[in-house]
Every structure is written in structure tokens, then in C-alpha cells.
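Each chain is listed here by its residues.
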Amino acid sequence: MLPSTKEAVALELLRSGAAMYGLEMVKASHGQLGRGTIYVLLARLEDKGFVVSTAEPVPGMPGMPRRIYRITGAGHRALAARRAAHSILADGLAPTGQPA
Amino acid sequence: MTKTSRFAAVFSITYACTLPGALLLLVGIWEYPLVAWYAQHDALWYGMIVYFFNFLAALLFALAVVFWKNPEVRPAPGNLLVRIAAFVCPRKTYERVFAQTIADMREEYFEALKLGHHAHARWIWLRGHILFWVCAWLLCGTALLHIVRTILAAFYPQPKPQSHATTSVSRKPETDVSDVGEAKKASLARGDFRSGHAAPISGGMRCASSPSGLLPADKFVSGETPDVATSVTIPLWLAALLGALAAIALIDRLFAPAVRWWLRRRVNRAIDELNQRLKLTIPPFKLARRRQLIEQLMFDPEVLKAVEDEAKARDEPKSVTHARAKRYAREIVPAFSAYTYFRIGAGLAKWLSTALYRVRVGAFEEAELYKVPPDASVVFVINHRSNMDYVLVTYLVSQSSALSYAVGEWARVWALQGLIRAMGGYFVRRDSSNALYRKVLARYVHMATASGVTQAVFPEGGLTRDGRLRPPKLGLLSYMVSGFDPNGARDIVFVPVGINYDRVLEDRVLTAAASTPAGERPRFAFNPLVLTAWIAKGLWQRIRGTWHRYGYACVSFGRPLSLRGYLAERGVDFRALPETQRFAEIDQLGQRLMREVGHVVPALPVSLVASAILAGGDHGLSSLELKGAVFALMRRLKAAGAHVHIPRHDQEYAVDVGLRMLLLRHLVVVEDGVYRPHTGDTPLLAFYANAIAHLLPAEAAGVAA
């Protein structure tokens, strides 16, 4: 299955190879990702194999080890496939009705 | 302590302490202007003013102490949520979702506090708690959706894509799919990007709906709202079935793993605590799951070889023999539960032992016993006088270790079987000559011993019928020691244990079985009605307060025998010996252990008095003669190095106690001040006398009735 819109946003944030934790992603997404859903979303992405996570070796200020997420090869490909599908469908539904 | 309770405490103490001063002021002991003022005004008003100021001062003081620059240490926000999530959720879900949500809340909360935004911090706290439950609902919903989708997929399988892209959502009939990159589009629609062929696709596709909501709304032509989904109608029974299955799946996937994880965590913690307390730690083998142990046993090379041999000998498929061997393994392997053993079993054993007997520890080679290395496989070798032996030794050893017993197949009855398994006991068919069964049992006992499991064995192989020690049976002993490596890391240490009772519960049954003709299987005249009547009578006596215990039960622990030391002394290695020679050596070891056990069997009052009365014969003994005979017996036993238990360190009291028990049971009768054995009960008297007969070889012949 292709990643959903929210999943795509999360994958986009990780696409540059950055390793981020959930709250960082929420803040970086400028409101596109919510605090209540981000970890359920990331867990789903992890189950699908699009991201991997590792626990912080030393817990930071909250006193609980954070999970740091990174995008995988499958995640990159899923994102690319989604973009491609998006462009094909968008072009196909252009007002002129003509293929691009 | 919260601020409120601290405030209340400080205020009360201050007010109580200052009140006497205020009262003194009130009665005008001090020369104070107010007193003069009081003299001119009403006393009530004056008193009220003093009280008011006293109250106000105490209040201000308490407020100042508690709230003025007095920081309060509070747990981090979300502490309760952490506990709830850790209790309810599987570990993976807890770590990936809930712990992260709470960590986010804490981070933002502390950040807000740092900036002095207290109101915002409170809002973050509230929002964090709401988000926690939102996450929980989302997870439950996701799990349910997954289950429903799986079930629906089973009922309505999706058609495989043929020449063009098809998805689970419906399309308008006039959908026009262009001819560009058909294969790639099909791959794309399936989400087959893992293959790496999906990326950039050129060309266009005219499609009325988007597979997964990919398109922005403005891309749709107005007035052409696509038909994005088809409703599936399912019958009510199917909906109910799906609901039930979803509930089962929810319990199975979410609730049951959480409960299991929580219980396992508790058990592990309890075992860690236990291992710190116990002198002989519980080895991992004993804590391993029963299923794993059975598998381990079934894949033991020797068991596999025995299966092969048996299959050949019986000319049957190997799978049939293997299944039979597995049945044996299931029958033998215990399912030890530390909780059952230490919380239920040990408690019950203590209650039952102390309810029935005055339990005493006789000889105890303390210095030698404490020298036993903690990682050694300790085997308690016990004489078997009563079924109470299991209970009594479990109670006395529960402070040091968890014992594993071999239990006869008689105990394989519902409820009792489960309890015995949970207590770490393993069942043995004592008279089985089946080679495969013996091999499975041998390998289990060997594995347990090699893994350091503390065991208790009754080398006599059954209850004594006439009170004497029986010759050792070498089956279990040979399984334990045959594969012993004298140079290995783990030693086997045998601890001889001698038990004696003033009254054996099943003595009449045993002595009746002793009269079975040679060559026949002894018959135990067990009657459930008799047992029920006995229990009812005991309970009735307890209720009325007329219950008396059955005298003394004494357990002695002898000097431990290290197998490594024994083999070095004899210069042998069991593994290197041929079979006949090995059995001869094991027989020697068994004889030695039985001698050690016999040596530590304690002499109790009933045994002493029974011996003296039987020695007196039909002539009988007067009270004085009886005392003299028992005292002489005590001296001889002590001289022979035996342990004589003299209650209250009073020899006369010991004679009185022993005699009273025998008189109450009508085993001894008194006529004209002369004590004689009761006719017909001589075997029962001999049963008790024989318990210490081996300690006095010269008298043994005279006692054997």
C-alpha cells in the first residue's frame, strides 16, 4: 500500500536522512502532524518497514528514552511511488482532460 | 507529604504549643498592660481577643513555614499514566507509543515551567493526559480494523490485476486508462514499490477516483463527484460473528500479552528476591517452561536413540514411538511455579506439619551443611516412613531451597497432580520395566541433576511396612550419578536426612500391608470413608478445643557427602566403568547413603517406650521398670552416637509422653500397674520400635516381631 498523506508527511521529514523523534517531527511539520497521532503513525510505518527506530542510549530530560526514527530504503521507494502516482493522477485529472 | 497536610500539621502543633501561653496571659499571671485593660472590661471579650491572636499567629507561622520559598518535590507529570500503560500494554506498544507520548508531555511541560509559563504547563499536562487516551483509542481502533479487514479479505478476496490497474475502490465504467506504462501502473496500484520499479512514471491516467485519497480536492472536476466506495452488506449473524472474533482477538492480542508480561515481570522479581534469600538458588532449568523442557528432553540424543531402538524392536513407525515417548515426557516433567511453591506449598506444609505434630529439628551438621557450594546439585536422601515426609521436609527446607521430589504414580489424580507439578515434583512409575520409559526418566533426572536442581529422594523406593529401613533401590540414584563428571564444574552433594514420628498417620495401613505374602503386590486398605471420618473428627476436636497433636515429628540432617570426594576416595569414574561394575559401585554408594540416613534417624519417645515394652515381653513392666529400661536405652543410643530427642530435656517427661501416646491409642494396656503390649497390636508396636532398631543391632533380633 502506498503511504497515506500523514505518513507521507512524516516520511518527507525524514527523507533527507535526518534522524528525528516524534515531537521534533510534530514541530517541524507545522501543524500537519498531531501530537496524539504521531506515535501511532510511526508505529504503523515501522510495522510496514518504511522507518526504523532506535532507543536513545541515555535518556534525556524527560527521563524516558526517546525513540529516534530514520527512513529506510523501502520508505524512500514508497515516497517516490506516491509522488509518481500523485503526478500521474493529477495530470490525468487536469481540466483540459488531456494527458500531459 | 503534600503541602496541605504539612500545613495542617505545622498549624496544629503551633497552635497547641502556644495555647498554654495564651491561657496564662488570659488568667493574668503576667504583669501586662492588657491585664489592666482586662480588669476594666468583660472577661469574655478579652479571652476572645487572646484566642483570635493566638489562632492568627499560628496560621501565619504555618503558612510561612510551608509556603514561603519552600519547594515541593513532586513526581514528574504522567507518572500514573506510565504505570497504567506499563501494566496494560505489551512492552513493544508501551515503548513505541505511550512512553513517547508521555516523554513529549514531560519535555514540553518542563520547558514551559522553565520559562515561567505555569498556566501553559498546566494546559500541557491536561493535553498530555487527553492525548494518552486518544492514542489508546487509536491503537484499539487500528487493531480492530486490522482484524475486520483480515476477516473481510477472507470472505471477499480481491481479484488479481490483469491488464490494467485495479484497486479495491470502484471506478466509473467510463474510466479511461491510457496505454502508457500499463505494467508499471499496475505495479504502482498494487503498491509494489518494494521491487524498486515504480519510480518515476511518465504519462497520464484518467481516473475518477484516487486509490488512497492522494489527490487534492481542486483536481476534481466540479459536478463529477466520484463514486469512491462500494458498501458491502453482510448478514447480522456474520456481523455478530465478526464482533465476537474481534473481541477475542482484542483479548488475545492486547489484554492477554499484557497480563502475561505483567505476571512474568512479577514472577521474575519474586525469583530474584528469593534467590537472594535462599542458600541454594533456583537454577534456570527449574524455571524453564514445561514445554521447552519437554522439547529439550525429546531431542536428547539418547532418547532419540531409544526411540529408534524401540521402534525397531516393536516394528512400528518411528512417529508412533516418538509420540509415546513424548507422552512419557509430559507425564514426568514438572511445571515448577515459584509462587505456588513458596507462597502456597510452603505455607500449607508449615500449617499441616505444625497442626499435626510438634516439629523438631534433631541432629544438624550446621558447619558442614553451610560448606556446601551454592552451585552444587544438592540431593536430600530421606528415609520414607510416611507421606508426611514430603510435607515435613518441604516445610523445613523452604527457607533454604526449593525441592524437587520423585512422586509415585498414585498421586496422579486431578488437582493433586497439578499441585505436585507446580511444586516441582516429577512422577515416576516405580515398577515400570519399559525401556523407553526408563530412558526418558533417566535423561530427565540426569538433566535436572546436571543443571543444579535441588532434589529429594527416598532411596527405599516406597514406604516402610514394618518400620525398618528398607534396602536401597538404585534406579533414581543411578540416573543421577551415572553420567557424573568428577572434573566438571558442578558437584553432586548428598545430604542424609532421617525422619521419625511419634505417630505415623498411615501406620495401620502399612502394617496391614506388611502381612502380604512374599511375591504378591502389597495391598493398601485405603478407605476414603475412614479418611473423611478422621478429618471430620479432627475438625470437630479442634472446634471444641480438645484436639491434641500426634506427638513429635523430628528431622535430622546428617553430614553431606560430596560425590566428587567419594569418587576420588574410591578412585573410580562411573562413566568409565563397564555396566556391571558401575552398578556394583552405585550399589556401594546406595548402601553407604542408607547407612548415613539410618545413622541420623532420631529416637523419639514413642519409639523408645515401644522398644522397652516389647523387650519386656508378656510379663510386662512396672512403671519404674519401664523408666529404667527406657533410660538404659537412651544411654545405649547416645553411646552409639544416635540422636535421642528428649523433650524439655527431661527424661521422665519423655517416658510419660511416649507412654501416654501408646496408652491413648490402646497399643499398650495397663493392669495392676503393669504395662503390657495389647494383644494383636504387637506389629504396630514393632513398627515404632523398628524405627530405631538399626541403631541398636544387638536388640534388633529381639524386637522383630
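**Let's talk about the overall build of chain B**
The number of helices and strands found in chain B is 27 helices and 11 strands. Here chain B, with 705 residues, has 43% of them falling under the buried criterion. Of the roughly 38,400 Å² of accessible surface on chain B, a fraction of 61% belongs to carbon and sulfur atoms.

**Structural notes on the overall build of chain A**
Across its full length, chain A holds four helices and two strands. From first element to last, N terminus to C terminus, chain A shows the α and β order α-α-α-β-β-α. Relative to its full complement of 100 residues, chain A shows a buried share of 51%. Looking at chain A alone, contacts between residues at least 24 apart form 49% of all its contacts between residues at least 6 apart. Here chain A has roughly 4,300 Å² of accessible surface; of this, 59% comes from carbon and sulfur atoms.

**A word on helix 13 (residues 338-356) of chain B**
All names here are of chain B. The terminal C-alpha atoms of helix 13, which comprises 19 residues, lie 25 Å apart, in line with the 27 Å expected from a rise of 1.5 Å per residue. At G345, helix 13 shows its maximal kink, close to 30 degrees. Every buried residue of helix 13 is accounted for by A338, T340, Y341, F342, G345, A346, A349, S353, A355 and L356. Its buried side turned inward, helix 13 meets helix 8 (236-277), strand 1 (358-364), helix 15 (388-397), helix 16 (416-422) and helix 20 (528-544).

**Observations regarding the confidence of the model for chain B**
Residues and elements named next belong to chain B. In the predicted model, chain B carries a mean pLDDT of 80, and 82% of its residues have values of at least 70. Across chain B, the element-wise mean pLDDT spans from 48 in helix 7 (residues 182-189) up to 94 in strand 6 (residues 492-501). Scored below 50 in pLDDT, residues 163-184 makes 36 contacts in the model with residues more than four places away or belonging to other chains. Scored below 50 in pLDDT, residues 191-229 makes 83 contacts in the model with residues more than four places away or belonging to other chains. If you check the scores for this complex, the pTM reads 0.57 and the ipTM reads 0.84.

**Overview of the pattern of salt bridges**
Residue and element names in this part refer to chain B. This model, assessed by the stated rule, comprises 33 salt bridges over all chains. Two residues, E368 and K371, come together in a salt bridge whose shortest N-O distance is 3.6 Å. Note on K371: relative accessible area 60%, which makes it exposed. Among the salt bridges present, the one from R575 reaches D485, with a minimum N-O distance of 3.0 Å. In this pair, R575 is assigned in the loop between helix 21 (563-570) and helix 22 (579-600) and D485 in the loop between helix 18 (475-481) and strand 6, connecting sequence segments 90 residues apart. Judged by its relative accessible area of 42%, R575 is partly exposed. Accessibility expressed as a relative area gives 29% for D485, which makes it partly exposed. Via salt bridges that share partners, D300, E302, K439 and R443 belong to a single interconnected network.

**A word on the packing of aromatic side chains**
All names here are of chain B. One pass over the structure, following the stated rule, counts 23 aromatic pairs over all chains. A ring pair is formed by F11 and F55, whose centres lie 5.3 Å apart and whose planes are at 80 degrees; its orientation type is edge-to-face. You can see F11 sitting in helix 1 (residues 3-27) and its partner F55 sitting in helix 3 (residues 43-67), a full 44 residues away along the chain. The class for F55 is partly exposed, based on a relative accessible area of 36%.

**Let's talk about the pairing of strand 7 (residues 552-557) of chain B**
Residue and element names in this part refer to chain B. Burial analysis of strand 7 places six of its six residues in the buried class, which makes it a mostly covered element. Two elements, strand 1 and strand 7, share five bridges in a ladder whose sense is parallel. Bridge assignment links F364 to a residue of strand 7, and that residue is F557. Examined bridge by bridge, strand 6 and strand 7 share five bridges and lie antiparallel to one another. Residue pairing in the sheet places N500 in a bridge with C554 of strand 7.

**Structural notes on a nonpolar patch on the surface**
Residue and element names in this part refer to chain B. Residues Y339, I344, L348, W351, W410, V413, L416 and L419 make up a contiguous nonpolar surface patch of roughly 800 Å² in combined accessible area. Sorting the residues of the nonpolar patch by element identifies helix 13 and helix 16 as the ones contributing at least two each. Here the element with the most residues in the nonpolar patch is helix 13; it accounts for four residues. Within the element layout of this structure, V413 appears in the loop between strand 3 (404-408) and helix 16. Residue V413 is classed as partly exposed on the basis of its relative accessible area of 40%.

**Quick word on the side chain of T14(B)**
Following the sequence through the fold, T14(B) ends up in helix 1. Among residues more than four places away in sequence, those in contact with T14(B) are A58(B) and F61(B).

**With respect to a positive patch on the surface**
Residue and element names in this part refer to chain B. A surface patch of like charges, here positive, comprises R265, R266, R269, R277 and R343. Considering every element that reaches the positive patch, the biggest residue donor is helix 8, with four residues. Looking at where R269 falls in the secondary structure, it is placed in helix 8. Among the residues examined, R269 registers a relative accessible area of 47% and is labelled partly exposed.

**Considering the packing of helix 3 (residues 38-48) of chain A against helix 5 (residues 91-114) of chain B**
Where helix 3 of chain A meets helix 5 of chain B, the axes come as close as 9 Å, and the angle between the chain directions of the two elements is 150 degrees. One finds that helix 3 of chain A runs roughly antiparallel with respect to helix 5 of chain B. Handedness of the crossing formed by helix 3 of chain A with helix 5 of chain B: right-handed. Taken together, the residues of helix 5 of chain B that come into contact with helix 3 of chain A (itself represented by Y39(A), V40(A), A43(A), E46(A) and D47(A)) are K92(B), R96(B), V97(B), Q100(B), T101(B) and D104(B). A breakdown of the residues in the contact of helix 3 of chain A with helix 5 of chain B according to their chemical character gives four nonpolar, two polar and five charged.

The rules behind the values
- Numbering of residues starts from 1 in each chain and follows the order in which that chain's sequence is written.
- Whichever chain is written first is A, and whichever ligand is written first is 1; the rest continue in order.
- Local features in this predicted model are restricted to residues of pLDDT 70 or higher, and side-chain atom pairs are both shown and tallied only at a pLDDT of 80 or more, whereas totals for entire chains, interfaces and linings draw on every residue.
- Computation of side-chain values: all heavy atoms of the structure, hydrogens and water removed.
- By definition, any uninterrupted DSSP run of H or I lasting at least four residues is a helix, any uninterrupted run of E lasting at least two residues is a strand, and each is numbered from the N terminus.
- Each residue is assigned to one of three classes by its accessible area relative to the maximum for its type, calculated with a 1.4 Å probe on protein chains only: buried under 20%, partly exposed between the two thresholds, exposed over 50%.
- In this description, accessible areas are obtained by the Shrake-Rupley approach with a 1.4 Å probe, and a residue is regarded as covered only by the protein chains that are shown.
- It only takes one pair of heavy atoms within 4.5 Å for two residues to be counted as in contact.
- Each helix should span, by expectation, one fewer than its residue count multiplied by 1.5 Å.
- A residue's bend is simply the angle between two axes: one fitted to the seven residues ending at it, one to the seven starting at it.
- The predictor's confidence in any single residue is recorded as pLDDT, a number from 0 to 100.
- We define a salt bridge as a contact between a side-chain nitrogen of Lys or Arg and a carboxyl oxygen of Asp or Glu at a distance within 4 Å.
- Under the pairing criterion, centres of Phe, Tyr and Trp rings, with the six-membered ring standing for Trp, must be within 6.5 Å; the plane angle then separates stacked pairs below 30 degrees from edge-to-face pairs above 60, leaving the rest tilted.
- DSSP-based pairing: two strands are paired if at least 2 bridges between them are found.
- Think of a patch as exposed residues, more than 30% relative accessible area, with no salt bridge, where like charges cluster within 9 Å and nonpolar side chains (Val, Leu, Ile, Met, Phe, Trp, Tyr) cluster within 5 Å.
- Only four residue types enter the charge count, namely Lys and Arg as positive and Asp and Glu as negative; His and the chain termini do not.
- Taken as the charge location is NZ of Lys, CZ of Arg, CG of Asp or CD of Glu.
- Helix axes use the C-alpha atoms of the stretch in contact, all axes being lines fitted to C-alpha atoms, and the angles between their N-to-C directions lie in the range 0 to 180 degrees.
- Roughly parallel covers angles under 35 degrees, roughly antiparallel covers those over 145, roughly perpendicular covers 65 to 115, and oblique covers all other angles.
- Put simply, a crossing is left-handed when the front helix is turned counterclockwise from the back one by less than a right angle, and right-handed when it is turned clockwise.
- All residues other than Ala, Val, Leu, Ile, Met, Phe, Trp, Tyr, Cys, Pro, Asp, Glu, Lys and Arg, Gly among them, are scored as polar; the first ten of these are nonpolar and the last four charged.

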